[in-house]
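So you can see what is in the structure, the chains are spelled out below.
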Amino acid sequence: MTDSVRERFSRFALHEAPGRSDVYARWAAGVVADAGMQALLARIPPQHRQPPLVFAVTRLLGAADGDYDQWRAFVLAHSEEVVAECSQRTVQANEPLRMAALLPVLGLIDGPIALLELGAAAGLCLYPDRFSYRFTDASGAERTRLDPASGASGVVLASVVRGSLPTLRMPEIVWRAGIDLAPVDVRCAADRAWIRAQIWPGETERATRIAAAVDIARASPPRILAGDAKARLAELAASAPRDATLVITTPGMLVYLPRAAREELIAGIRAVDDARWVTIDPVRLHEGWSAADDDGFGVGLDGTQLAEADPLGRWWEWRADHASDAA
């Protein structure tokens, strides 16, 4: 059991945290060298002990963003609370920047759009029409920008476009809703604290972006049902307006499901009449891809890969050869 903890935190320390958070890289490396901490974390169910989740929970409970010894002392002093809280939490990153990679795909879909997100958390990815977009090349030179009709948004999504730039347009969203096992209510101070705790130390730009997205959601809260996505999908889909195209999104959520549940959910999405499915996933994660040719993350429409992308939307590369097949 401790071997799996050590391996997971080692992978995080070496490949995931560097470049994003020095604090998390140090904490993860400390766990790798600490048999006692590995034994403590092994008490947490496997689906609930991903490093970002463990670290976010400890910060929510009061751990300071200090060195490993400080963090270790806090965890040992609050071990029962840490294990219990991790065991009931899931990662709910709710990163609106993902919509920068999904925007060109949404632009292919005839509107108006009824947007339904699975694993919606606080629903921050349900407002692509209320964000501003700044697309640059790798050097930082701006290639194009897009703002809502009302003007520049407080949420500015900056993303690098590799290769050709497709035609972009702002989607017309007339209905927005979601499903989550444990919805995050942006009107609740405790839930807003949980959102902040999941922002990695050092991600100041992300903190600003998410705070602004929370403000948009608080002004017009989406409808988010609590429960299993597959069990409640048909119910919520049936309430969408009939004169809009229903678009079901799963941005970054399928990776957290066991394989059997993942395949069942994809089948459930495809069973919803006239719905379109937009996702961003590792292309080898599931059998839902009908056309994909990368080992990385893909942005898909109805199972056809239209772009390769960073999983958080920091960059994307359009696959123009697939666009005509999926539209």
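See the structure printed just above.
Definitions and limits used
- Counting of residues starts from 1 at the beginning of each chain's written sequence and follows it residue by residue.
- The predicted nature of this model means local features are confined to residues of pLDDT at least 70 and side-chain atom pairs, given and counted, to a pLDDT of 80 or more, with totals for whole chains, interfaces and linings taken over all residues.
- Excluded from the side-chain calculation are hydrogens and water; included are all heavy atoms of the structure.
- We count a stretch as a helix when DSSP gives it H or I for four or more residues in a row; a strand needs E for two or more, and each element gets its number in order from the N terminus.
- For each residue, the accessible area found with a 1.4 Å probe, counting protein chains only, is set against the maximum for its type, and the residue is called buried under 20%, exposed over 50%, and partly exposed in between.
- Strand pairing is assigned whenever DSSP identifies at least 2 bridges connecting the two strands.
- We call a pair of cysteine sulfur atoms a disulfide when they lie within 2.5 Å.
- Should any heavy atoms of two residues lie within 4.5 Å, those residues are counted as being in contact.
- Neither His nor the chain termini are counted; the positive set is Lys and Arg, and the negative set is Asp and Glu.
- Within this document, salt bridges are pairs made up of a side-chain nitrogen of Lys or Arg and a carboxyl oxygen of Asp or Glu, the two lying within 4 Å of each other.

Q: How do you make sense of the environment of Ala182 when you look at a structure like this?
A: Within the fold, Ala182 resides in the loop between β5 (173–180) and α8 (189–197). Here Ala182 falls in the partly exposed class, since its relative accessible area comes to 39%. Along the primary structure Ala182 and Gln92 are separated by 90 residues, whereas in three dimensions their C-alpha atoms are 9.3 Å apart.

Q: Sorry, what's going on with the pairing of strand β4 (residues 156–162) here?
A: As a general feature of sheets, a regular strand has side chains that alternate between the two faces. Residues of β4 alternate between two faces, with Leu157, Ser159 and Val161 buried on one and Val156, Ala158, Val160 and Arg162 left unburied on the opposite face. For strand β2 (residues 132–136) and β4, the ladder comprises five bridges, and the chain directions are parallel. Counted as the bridge partner of Arg134 is Ala158 from β4. Examined bridge by bridge, β4 and strand β11 (residues 315–318) share three bridges and lie parallel to one another. Of the residues in β11, the one forming a bridge with Arg162 is Glu317.

Q: How should I be thinking about unusual backbone geometry in this particular structure?
A: Excluding glycine, residues mostly have negative phi values, and the peptide bonds linking residues are mostly trans. Following Gly111, the chain continues into Pro112 via a peptide bond in cis, with omega recorded as 0 degrees. Take Pro112: it is sitting in the loop between α7 (98–106) and β1 (113–118). Of note, Ala121 is a non-glycine position whose phi angle comes to about 55 degrees, a positive value. Residue position: Ala121 is located in the loop between β1 and β2. Residues other than glycine seldom take positive phi values, yet Asp302 does so here, at roughly 55 degrees. Looking at the element boundaries, Asp302 is found in the loop between β9 (297–301) and β10 (304–309).

Q: How do you make sense of the state of the cysteines when you look at a structure like this?
A: The bond known as a disulfide is covalent and runs between the sulfur atoms of two cysteines. Counted according to the given criterion, the structure contains zero disulfides. For the unlinked cysteine Cys86, the closest cysteine sulfur is that of Cys188, found at 19 Å. Note on Cys188: relative accessible area 30%, which makes it partly exposed.

Q: Would you take a moment to explain helix α4 (residues 51–61) for this structure?
A: Within α4, nine of the 11 residues are buried, which leaves it mostly tucked inside the rest of the structure. Elements that come into contact with the buried residues of α4 comprise α1 (2–16), α2 (22–32), α3 (35–41), α5 (68–77), α6 (79–88) and α8. Phi turns positive, to about 125 degrees, at Gly62, one or two residues after α4.

Q: Explanation requested: the side chain of Glu117 in the structure shown.
A: By the element assignment, Glu117 lies in strand β1. Buried and without a salt bridge, Glu117 has Arg98 as its closest oppositely charged side chain, separated by 6.6 Å. Not counting the four nearest positions on each side in its chain, Glu117 is found in contact with Asn94, Gly123, Cys125, Leu126, Ala177, Gly178, Ile179, Thr249 and Pro251.

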